[in-house]
Amino acid sequence: MREWTRDERYRVLKSPEEIRELYDRIQASAYRQRYHVQPVTGLSSDPNGFALHRGTWHLCYQWCPWGAVHGLKYWYHVTSPDLVHWENAGIGLKPDCFYDNRGTHSGSAISHGDELVFFYTGNHRDEDWTRTPYTCAAVLGPDNRPVKLPEPLFGPRDDHSEHQRDPKVVWNEAKRKYYIFIGAQTLDLRGCVLIYESEELLRGWRFAGELKVPGYESFGGMWECPYIVNISGKDVLIFSPQYTKLPGRAESTNHNVYLIGRMDYDTLTFIPEGPYRHLDYGFDFYAAQGAASIGDPDKAILIAWIGLPDNHYPTEEEDWEGSLSLPRELRIVDGKLRQTPLAALEGLRGAELVPDGTLPAACELDVAAPDGDFELALFTKADGAGGLRLKYDSARKVCTVDRTGLDRRFNEKVGEVLDMPLEAPLRALRIFIDRCSVEIFANDGEATFTTHAYPTEREFHYAAPEGVKLRLWPMNASVTDKFVI
Ligand code: FRU
């Protein structure tokens, strides 16, 4: 692993030419994906500013241009007509003013009349490296580049710690107000959400209070990337609690969970109707955010970072890392979120293959699970040994995914074996493989499991019990990887 000095990590990009060589070099990587959004150079992490605006999907990601390191963060902007085909649109937000001198950190967007408005955290640090987070806004200009407002909407509160970031803006029709949800930490180091309100989108913001979530007063040390959405009349609160271990999640201290319930804007209370659940049971899934302004009250479109803070991935050696998940459709079924791949993804399938035990580097694999216990292994050697192994225990209704058998192991200390519990017996798996990422949808989205995997040349095989019904398609490319800065 390369050591970076602070100056190297926080270097300002002055000209695209400074990263041209890096871009050319990583194009040759065997792990560059075909149908997932990935960093143009360097590192990508959280999805940001995701919205549908005048028929185009806009999405940005946290981007550090220089390599696989969390340093000075930009927003890099991509656009799509259909959430499947994506094009690079260049830098969205740059850390180039006092308020964001050490990074344009995460945030959201909203389509407002003719304007697409972005809300982000300006990460200011002074010479002693003391942090002051500002909540800032920008409006998409006619050249498809956001233009920042000269002044922040508001600064931090001093009755909370320096961790106050990741604004999510929502409109509440009953109150006829906008609200901003900010991920935060109390002075005694508990995760929480701060709420601000305003009748107007770009001015007049006032602190409304700290969100109360009964039962969750002490649940992790910081709640990153809060997101709230109403689906079919229920409110869904999604957030990423940190600095805590949760049952069934091995040694990880970074999680992405959701609650379904009711958001009461009179008392600023989110009343959960059931337990928290993990959005995804995989090793690498974080900072999920839904698209704003999609205009369908019965669903949300969610996307996440395939990765976790503090983790390291093998492509660090190639000076890049990170990926966004496939956008997923979210609905509420039986009091739980159901997450399904977009129907339009089927358009990326090439001619169906006759399954022969070999695995294309970018493919979709659909498996009809037999009754009883079952084991499927991806990225095995030719003899079926090793790989990423999924074992279904029918008595417990749990799929256990074990990545200890891969040639390239990584993040061993965080845990290499995790369970994906199901409520119904396992019937079906839809698996999307894209060179270094794997997304598994069980039982039509009852539960999902997302992970990175970095197969070596000898690992492009799979092993399934004889007679298991399996369909396999190579997937065509849908994400252009052009050098647009
Ligand atoms: C989550 C996060 C956010 C922050 C951003 C910085 O991964 O830590 O809270 O805004 O990343 O890149």
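Below is a summary of the structure that appears in this document. Please read all numbers here as calculations on a predicted model, not as lab measurements.

It is worth spelling out the overall build of the protein chain at this point. In terms of helices and strands, the protein chain carries two helices and 32 strands. Whereas a compact globule of 485 residues would reach a radius of gyration of roughly 23 Å, the protein chain reaches 22 Å, a difference of no more than 12%. Counting only C-alpha atoms and orienting by the principal axes, one finds that the protein chain spans roughly 65 × 55 × 40 Å. Considering the protein chain as a whole, with its 485 residues, one finds that 61% of them fall into the buried category. Once local pairs closer than 6 in sequence are excluded, the contacts in the protein chain between residues at least 24 apart make up 59%. As presented, the protein chain carries roughly 18700 Å² of accessible surface, and 48% of it is formed by carbon and sulfur atoms. Across the protein chain, the centroid of the 54 positively charged side chains sits 1 Å from that of the 72 negatively charged ones.

Our focus in this paragraph is the pattern of salt bridges. Taken as a whole and judged by the stated rule, the model has 41 salt bridges. The partner of R328 in a salt bridge is E439, and the shortest N-O contact between them spans 3.6 Å. Here the residue R328 occupies a position in strand β21 (residues 328-333), and E439 occupies one in strand β29 (residues 437-442), the gap between them amounting to 111 residues. In this structure, R328 and E439 share a single accessibility class: buried. The salt bridge partner of E346 is R349, with a shortest N-O separation of 3.9 Å. The class of E346 is partly exposed, set by a relative accessible area of 39%.

What follows covers the site of the ligand. Every residue near the ligand is listed here: D46, Q62, K73, H105, S106, R165, D166, E224, Y286 and W305. At 2.6 Å, a side-chain N or O of Q62 approaches an oxygen atom of the ligand. Here an oxygen atom of the ligand and a side-chain polar atom of K73 are 2.9 Å apart. In isolation the ligand has 320 Å² of accessible area, and contact with the protein removes 89% of it. Mapped onto the shell around the ligand, the elements with two or more residues apiece are β5 (104-112) and β9 (160-172). A per-class count over the shell around the ligand returns two nonpolar, three polar and five charged.

Here we have four strands laid out as an open sheet, ordered β5-β6-β7-β8, and antiparallel in their pairing. Strands with a single pairing partner mark the edges of an open sheet, and in this sheet they are β5 and β8 (146-148). Direction aside, neighbouring strands of the sheet carry axes that sit 30 degrees apart on average.

Our next topic: unusual backbone geometry. A positive phi angle, near 70 degrees, is found at N144, a position not held by glycine. By the element assignment, N144 lies in the loop between β7 (131-140) and β8. On the accessibility criterion, N144 (28% relative accessible area) is partly exposed. The backbone of R176 sits at a positive phi, close to 50 degrees, despite the residue not being glycine. When you line up the elements, R176 lands in the loop between β9 and β10 (177-186).

The next thing to look at is the pairing of strand β26 (residues 398-405). Bridge analysis of strand β25 (residues 387-393) against β26 gives six bridges, and the strand direction is antiparallel. Bridged to G387 within β26 is G405. Hairpin connection, β25 to β26: the antiparallel pair is bridged by four residues, and K397 has positive phi, about 55 degrees. Of the pairings in the sheet, the one linking β26 to strand β27 (residues 417-421) comprises five bridges and is antiparallel in character. Directly across from C399, in β27, lies its bridge partner M420.

What follows concerns the nonpolar core. If you look at the biggest cluster of nonpolar residues, it comprises 34 residues, and the most contacted ones within it are F374, L378, F379, L426, L429, I431 and V438. Sort the elements by how many residues they give to this core and strand β24 (residues 374-380) lands first, with four residues. If we ignore the near neighbours within four places in the chain, the residues touching F379 are L359, G387, L388, L406, I433, V438, A453, P455, E459 and H461.

Taken as a whole, helix α2 (residues 17-27) has its buried residues at I19, L22, Y23 and I26. For α2, the angular spread of the buried residues around the axis is 105 degrees, confining them to a single face. Its buried side turned inward, α2 meets β1 (42-53), β2 (56-64) and β20 (320-321).

Across the sheet, four strands lie side by side as β18-β19-β21-β22; this open sheet has antiparallel pairing. One side of each edge strand has no neighbouring strand; the edge strands of this open sheet are β18 (286-290) and β22 (336-341). Within the sheet, the average angular offset between the axes of one strand and its neighbour, ignoring direction, is 40 degrees. Of the pairings in the sheet, the one linking strand β19 (residues 300-305) to β21 comprises three bridges and is antiparallel in character. Across the sheet, I301 pairs through a bridge with E329, a residue of β21.

The rules we used
- Residues numbered from 1 in each chain as written.
- Predicted model: local features only at pLDDT ≥ 70, side-chain atom pairs only at ≥ 80, totals over all residues.
- Heavy atoms only, no water.
- Helix = DSSP H or I, 4+ residues; strand = E, 2+ residues; numbered from the N terminus.
- Rg over C-alpha atoms; globule rule 2.2 N^0.38 Å.
- Buried < 20%, exposed > 50% of the residue type's maximum accessible area, 1.4 Å probe, protein only.
- Contact = heavy atoms within 4.5 Å.
- Areas by Shrake-Rupley, 256 points an atom, 1.4 Å probe, with all protein chains shown as cover.
- Lys, Arg positive; Asp, Glu negative; His and termini not counted.
- Charge placed at Lys NZ, Arg CZ, Asp CG, Glu CD.
- Salt bridge = Lys/Arg side-chain N within 4 Å of Asp/Glu carboxyl O.
- Near = heavy atom within 4 Å.
- Polar contact = N/O pair within 3.5 Å; in protein donor to acceptor, adjacent residues only side chain to side chain.
- Nonpolar A, V, L, I, M, F, W, Y, C, P; charged D, E, K, R; others polar.
- Pairing = 2+ DSSP bridges.
- Axes fitted to C-alpha atoms, helices over the stretch in contact; angles between N-to-C directions.
- Core = buried A, V, L, I, M, F, W, Y, C linked by side-chain atoms within 4.5 Å.
- Arc of directions from axis to C-beta.

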